[in-house]
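Architecture at a glance
Given next are the chains, with one letter for each unit.
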Amino acid sequence: LFGAATNVVVKNVCIVDSNIKITKSYAYTYKGETTQRVYAGALAYYIWKGEIMNCSTSGKIEIDMVFTNADTTMESSNTYAISIGGVVGLLRDLTTITKLTNHVDITITSLFGAMESSLFYTSIAGVCGHAAETATINECYNYGDVTFVPNQGTNKLRMGGIFGYCPALASGDR
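The structure reproduced in this document is the subject of the present report.

Rules behind the numbers
Residues numbered from 1 in each chain as written. Predicted model: local features only at pLDDT ≥ 70, side-chain atom pairs only at ≥ 80, totals over all residues. Heavy atoms only, no water. Salt bridge = Lys/Arg side-chain N within 4 Å of Asp/Glu carboxyl O. Buried < 20%, exposed > 50% of the residue type's maximum accessible area, 1.4 Å probe, protein only. Pairing = 2+ DSSP bridges. Helix = DSSP H or I, 4+ residues; strand = E, 2+ residues; numbered from the N terminus.

1. Quick word on the pattern of salt bridges
Side chains carrying opposite charge are able to pair once their charged atoms draw close together. Summed over all chains, the structure comprises three salt bridges. Measuring nitrogen to oxygen at the nearest pair gives 3.8 Å for the salt bridge that ties Lys 60 to Glu 62. A relative accessible area of 36% places Lys 60 in the partly exposed class. When its relative accessible area of 26% is taken as the criterion, Glu 62 is described as partly exposed. Between Arg 92 and Asp 93 there is a salt bridge whose closest N-O contact spans 3.5 Å. Arg 92 sits in the partly exposed class, given a relative accessible area of 30%.

Here it is, written out as structure tokens:
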């Protein structure tokens, strides 16, 4: 529905049979560090300072791609981040999701090529791949399947039914 959204209020929306297929990513350089990222979600790939209430999603997200030095011309010491959620890939600060039901199935295959010394941060979940410390998720339910089949290992793999990673929970703050 959205790519990236800031200061958005989404209420009473039902997304039926969404179909997202990703085979390529993008790279960018900021302050001398090159990063390659993939975000995906049926509602949005990125939400910051927003509110989502009484919504439902169904469908599928398929990601079939390979990160390699040869394909991206990136140094092996760079960072690669994947945040995939059935609803939102990356839920940023001051965002609230309340009373949401997800039925999106996520399948991710063939993510990593010959990137031996790179940092891979992969967060995959039914509702939100990566939730920032001040994001709030209440009364949300996931009925979608989450399947991850890498062709090589990752440095940091985080998976879950509701969210894949939340720094506040990882640090014990919440």
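2. Brief notes about the pairing of strand S9 (residues 88–91)
Note that strand S6 (residues 44–48) and S9 share three bridges and pair parallel. Paired with Ile 47 across the bridge in S9 is Leu 91. The sheet contact formed by S9 and strand S12 (residues 128–131) spans three bridges and is parallel. Bridge pairing in S12 places Leu 90 opposite His 130.

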